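Observations on chain architecture
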Amino acid sequence: MTDETKTIWWNDENNSIMMIDQTKLPVEFVVIEVKTVERLADAIRRLEVRGAPALGVAGAFGVALSAVSCTSDVEFAETVASDAALLKSTRPTAVNLAWGIDKVLRSMENLPPEMARFLAITAAKTIAEADEKCCMQLGHNGATLLPQIGTVLTHCNAGALACSTWGTALGVIRSAHKMGKKISVVSCETRPLLQGARLTAWELHHDNIPVTSIIDSEAAYLMRKGKIDCVVVGADRITKDAVFNKIGTYMHAVCAKHHNIPFYVAAPISTFDVEAVEADIIVEERSRDEVAAFWGKPTVPEGVPVINYAFDATPLSLVTGIITEVGVLYPPYDFSNLRQM
Ligand SMILES: CSC[C@H]1O[C@H](OP(=O)(O)O)[C@H](O)[C@@H]1O
């Protein structure tokens, strides 16, 4: 997953969206072409494309796809608005999805359809390119925090596959290696969809970065045994009082605090929701099937209910620092001066 491979990109020839189908990894590397907004919405719901920054780019390209697909100038504004609402509804927790959609909608405001179509594509491509630069800068800022030799625990996938490329948490790891630091990664598998085992381990192994895959419940014991030097995770939304990230992140934050291990969050400024607090945010709940079956075999008896939160919230009191493209933020956290890009 080096920088020549993108996670999601615009196909100029067909005016369509190309993306790696992340549900097929690590067994198959499959690129799919998305030609309709409905198919994009389905790809987001199924996590064929996932990860906050990548969702921002997907949402941006989704508005461009809606604009080029609607040939009726009369119905153009209504159709694009309806498609934008559909895309926003697919996954409520990651703020970047709505951020990317709204950014492209703003670029089209009050323009005639033909010009709006061109500007939507341009704006979406700019978001994708800016994300790549942002991850490289964020990665550099975070890499300076890591020891010359050490082991970093991460959760889920906040890598190139969660962004245009390079990654946020894994961007920190990649940048550290570029600096010549000898960093090994412990990747938590991240039940139930296994983004850590399937995606993080795949990305890092592909880039020859030492990675070990563990089950989520091993993390605390490795911390107790002194095997973890710090934790670096991604984020889907950062409010005034909490970090929303993949379910299981809070558990690692509590354990890191108990063992005096630095706990860093790596996220671009576009992931901050500076007006909101934890209580304002909808945490996505996903289907029973994702938890109650494994490789198609039931693991929970029929009739036994399941709780399947896709994310949890970590209070900022447990966060050592937040690594962004503009620098590292430290407590006492005050995001009021962070410009929403
Ligand atoms: C770089 S942010 C990635 C972030 O998104 C993941 O969630 P999902 O796989 O459901 O999109 C996870 O929370 C990662 O930390």
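Only a predicted model underlies this, so the values are computations on that prediction, with no experimental measurement involved.

**Focus on the overall build of the protein chain**
From N to C terminus, the protein chain includes 10 helices and 15 strands. The globule rule puts the C-alpha radius of gyration for 341 residues at 20 Å, and the 20 Å found for the protein chain is close to it. The principal-axis extents of the C-alpha atoms in the protein chain amount to approximately 65 × 50 × 40 Å. Relative to its full complement of 341 residues, the protein chain shows a buried share of 57%. Charged side chains in the protein chain number 31 positive and 40 negative. The centres of these two groups are separated by 6 Å.

**Let's talk about the UniProt feature "active site" (unreviewed entry) in the protein chain**
Under the present numbering, the feature "active site" (unreviewed entry) in UniProt falls on Asp236. If you trace the backbone, Asp236 turns up in the loop between strand E7 (230-233) and strand E8 (237-238). For Asp236, the contacting residues outside a window of four places in its chain are Ala52, Thr93, Ala94, Val95, Asn96, Phe244, Asn245, Lys246, Thr271 and Phe311.

**Examining the pairing of strand E9 (residues 242-246)**
The buried fraction of E9 amounts to 5 of the 5 residues, a majority that puts the element mostly inside the structure. In textbook terms, the turn of a hairpin is the stretch between consecutive antiparallel strands, and for E8 and E9 this stretch comprises 3 residues. Pairing of E9 with strand E13 (residues 311-315) involves 5 bridges; the strand directions are antiparallel. Following the sheet pairing, Ala242 is matched in E13 by Pro315.

**Points about the packing of aromatic side chains**
One pass over the structure, following the stated rule, counts 5 aromatic pairs. An aromatic cluster is built from Phe272, Tyr333 and Phe335, whose rings are joined through pairwise contacts. Between the NZ or CZ atom of Lys246 and the centre of the ring of Phe311, over which it lies, the distance is 4.2 Å.

**Brief notes about the site of the ligand**
Close to the ligand lie 18 residues; Arg50, Arg91, Asp236, Asn245 and Lys246 are nearest. Measuring from an oxygen atom of the ligand, one finds a backbone N or O atom of Gly51 at 2.9 Å. A distance of 2.5 Å separates an oxygen atom of the ligand from a polar atom in the side chain of Asp236. The set of elements that each furnish at least two residues to the shell around the ligand consists of helix H2 (52-69) and E9. Class assignment of the residues belonging to the shell around the ligand gives a composition of 8 nonpolar, 6 polar and 4 charged.

**Brief notes about the UniProt feature "binding site: substrate" (unreviewed entry) in the protein chain**
Feature annotation in UniProt assigns "binding site: substrate" (unreviewed entry) to the following positions: Arg50, Gly51, Ala52, Arg91, Gln195, Asn245 and Lys246. Within the secondary structure, Arg50 is located in the loop between helix H1 (37-45) and H2. You can call Arg50 buried: its relative accessible area is 4%. Once residues within four sequence positions are removed from consideration, Arg50 is found in contact with Gln22, Leu55, Arg91, Cys156, Asn157, Leu161, Ala162, Gln195 and Leu199. Within polar-contact distance, the side chain of Arg50 engages the side chain of Gln22 at 3.0 Å. Along the chain, Lys246 turns up in strand E9. A relative accessible area of 8% places Lys246 in the buried class. With near-sequence residues (within four places) excluded, Lys246 lies in contact with Arg91, His155, Cys156, Thr190, Gln195, Asp236, Ala310, Phe311 and Asp312.

**Quick look at the side chain of Ser187**
Within the element layout of this structure, Ser187 appears in strand E5 (residues 182-188). Given the relative accessible area of 0%, Ser187 is considered buried. Once you skip the residues sitting within four places of it in the chain, Ser187 turns out to touch Thr154, Gly196, Ala197, Thr200, Ala201, Val211, Thr212, Ser213 and Ile214.

**A closer look at the sheet that holds E9**
One open sheet accounts for 3 strands, arranged E8-E9-E13; its pairing is antiparallel. The sheet terminates laterally at E8 and E13, the two strands that pair on one side only. In terms of strand pairing, E8 meets E9 through 2 bridges, oriented antiparallel. The residue bridging Ile238 from the neighbouring strand is Val243, located in E9. Sitting on the sheet, helix H9 (residues 249-258) is in contact with E9 and E13, with an inclination near 30 degrees to E13.

Definitions and limits used
Residues numbered from 1 in each chain as written. Predicted model: local features only at pLDDT ≥ 70, side-chain atom pairs only at ≥ 80, totals over all residues. Heavy atoms only, no water. Helix = DSSP H or I, 4+ residues; strand = E, 2+ residues; numbered from the N terminus. Rg over C-alpha atoms; globule rule 2.2 N^0.38 Å. Buried < 20%, exposed > 50% of the residue type's maximum accessible area, 1.4 Å probe, protein only. Lys, Arg positive; Asp, Glu negative; His and termini not counted. Charge placed at Lys NZ, Arg CZ, Asp CG, Glu CD. UniProt positions renumbered as here; feature names shortened; annotations may be inferred. Contact = heavy atoms within 4.5 Å. Pairing = 2+ DSSP bridges. Phe/Tyr/Trp six-rings, centres within 6.5 Å; stacked < 30°, edge-to-face > 60°. Lys NZ or Arg CZ within 6 Å of the ring centre and 35° of its normal. Near = heavy atom within 4 Å. Polar contact = N/O pair within 3.5 Å; in protein donor to acceptor, adjacent residues only side chain to side chain. Nonpolar A, V, L, I, M, F, W, Y, C, P; charged D, E, K, R; others polar. Axes fitted to C-alpha atoms, helices over the stretch in contact; angles between N-to-C directions.

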